[in-house]
Amino acid sequence: DEELIEETRLAITTLVQGADSMVNGPFAGVNDAFEYSADLIKRMREEAITTPATFEDIKNSFRDVAVQARQAGASYEDIIKLSGNMSTLGKLLGFDGGVVSKDVQQLLRGEMGDVATPQLKAIAKQSQELYKAGKSAEQLKLIMDSLRLPDELRAKFENSFDGLTSSLLDEWAMFREEAG
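The shown structure was predicted, so the numbers you read here are calculated from the model rather than taken from an experiment. (Residues numbered from 1 in each chain as written. Predicted model: local features only at pLDDT ≥ 70, side-chain atom pairs only at ≥ 80, totals over all residues. Heavy atoms only, no water.)

Q: Would you explain the overall build of the protein in this entry?
A: Within the protein one finds 10 helices and zero strands. Secondary structure of the protein in N-to-C order comes out as α-α-α-α-α-α-α-α-α-α. Within the protein, the fraction of its 180 residues that count as buried is 44%. Across the protein, the fraction of contacts at a sequence separation of at least 24, relative to all contacts at a separation of at least 6, is 60%. Accessible surface, the protein as shown: approximately 9300 Å² in total, 54% of it carbon and sulfur. (Helix = DSSP H or I, 4+ residues; strand = E, 2+ residues; numbered from the N terminus. Buried < 20%, exposed > 50% of the residue type's maximum accessible area, 1.4 Å probe, protein only. Contact = heavy atoms within 4.5 Å. Areas by Shrake-Rupley, 256 points an atom, 1.4 Å probe, with all protein chains shown as cover.)

Have a look at this one:
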């Protein structure tokens, strides 16, 4: 378990350091990124507890979009929220893990390709136009707004058997991690 926690922290550190070095962010140094990664992992766990998504789902979604979202001006808190929404929407739509985040990644790169997520398919052309016009912050907002789930819908799924089970497992993992 300790080895897995350390691997996760090193992976997040590498991702944060790489993303921030591209945008001259505050965590471009390895030591700063390593220190910050513990906070990010904690926030991802908290997001997992408040959504039907698992920590693994959120971590994988975060990994898929962090670099492009950071380049578009997103904060890491924004990326964690986006990851929670992508993971939750993927579960609601019955998609295998990563479909929604791969679609977002594709749009943030200015590609339209084969977008599977209905909410993203509806905005793909507008997203591509914003990307081509160099309006990446507006493009990111468009994508984030299209994936924002109504609180009632999120709560309904959160209180379902799958949502409660996921939250319980994530809380247990967070407790074990903090207890050492």
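Q: So what exactly am I meant to see when it comes to the layout of surface pockets here?
A: Over the atoms, a rolling probe the size of a water molecule traces out where space has been left empty. For the second largest pocket, the calculated volume is near 180 Å³. Listing elements by their share of the lining of the second largest pocket, those giving two or more residues are α3 (55-71), α4 (76-93) and α5 (99-108). Class assignment of the residues belonging to the lining of the second largest pocket gives a composition of four nonpolar, seven polar and four charged. (1 Å grid on protein atoms, 1.4 Å probe; cavity = no way out; pocket = protein on both sides within 12 Å on 5 of 7 lines; lining within 4 Å. Points joined across faces, edges and corners; volume = space filled by probe spheres on them. Nonpolar A, V, L, I, M, F, W, Y, C, P; charged D, E, K, R; others polar.)

Q: Please explain the nonpolar core as it appears in this structure.
A: If you look at the biggest cluster of nonpolar residues, it comprises 40 residues, and the most contacted ones within it are Phe62, Val104, Leu120 and Leu147. Contributing elements (two or more residues each) for this core: α1 (2-22), α2 (30-49), α3, α4, α5, α7 (124-132) and α8 (136-147). Excluding its chain neighbours within four sequence positions, the residues that come into contact with Leu147 are Leu82, Asn85, Met86, Leu89, Val100, Val104, Gln119 and Leu120. (Core = buried A, V, L, I, M, F, W, Y, C linked by side-chain atoms within 4.5 Å.)

Q: I'm lost on the packing of aromatic side chains in this one. Help?
A: Each pair of aromatic rings is reported with the distance of its centres and the angle of its planes. Here the structure, examined in full by the defined rule, presents four aromatic pairs. Judged by centre distance (6.1 Å) and plane angle (35°), the ring pair of Phe62 and Tyr76 falls under tilted. Of this pair, Phe62 sits in helix α3 while Tyr76 sits in helix α4, and the two are 14 residues apart along the sequence. A relative accessible area of 0% places Phe62 in the buried class. Among the aromatic residues, those joined into a ring-pair cluster are Phe27, Tyr36, Phe62 and Tyr76. It is Arg9 that lies over the ring of Phe34; its NZ or CZ is 3.8 Å from the centre. A cation over a ring is seen here: Arg45 above Phe55, with NZ or CZ 3.9 Å from the ring centre. (Phe/Tyr/Trp six-rings, centres within 6.5 Å; stacked < 30°, edge-to-face > 60°. Lys NZ or Arg CZ within 6 Å of the ring centre and 35° of its normal.)

Q: Please clarify how the environment of Ile80 should be interpreted in this entry.
A: Along the chain, Ile80 turns up in helix α4. Once residues lying within four places of it in the same chain are set aside, the contact partners of Ile80 are Leu40, Arg43, Met44, Glu47 and Phe62.

Q: When you look at the pattern of salt bridges in this model, what are you seeing that I'm missing?
A: Two side chains with opposite charge may pair up if their charged atoms get near one another. The full count for this structure, using the stated rule, is 13 salt bridges. A salt bridge links Lys81 to Glu47, with the nearest nitrogen and oxygen atoms 3.3 Å apart. Here Lys81, found in helix α4, pairs with Glu47, found in helix α2; they are 34 residues apart in sequence, far enough to count as distant. Overall, the relative accessible area of 37% leaves Lys81 in the partly exposed class. (Salt bridge = Lys/Arg side-chain N within 4 Å of Asp/Glu carboxyl O.)

Q: Just to check I follow, could you spell out the side chain of Asp103 for this structure?
A: Take Asp103: it is sitting in helix α5. Within the buried core, Asp103 has no salt-bridge partner, and the shortest N-O distance to an opposite charge, that of Lys121, equals 7.8 Å. At 3.0 Å, the side chain of Asp103 and the backbone nitrogen of Ala116 are in polar contact. Beyond its immediate chain neighbours, meaning those up to four positions away, Asp103 contacts Asp114, Val115, Ala116, Thr117 and Leu120. (Lys, Arg positive; Asp, Glu negative; His and termini not counted. Polar contact = N/O pair within 3.5 Å; in protein donor to acceptor, adjacent residues only side chain to side chain.)

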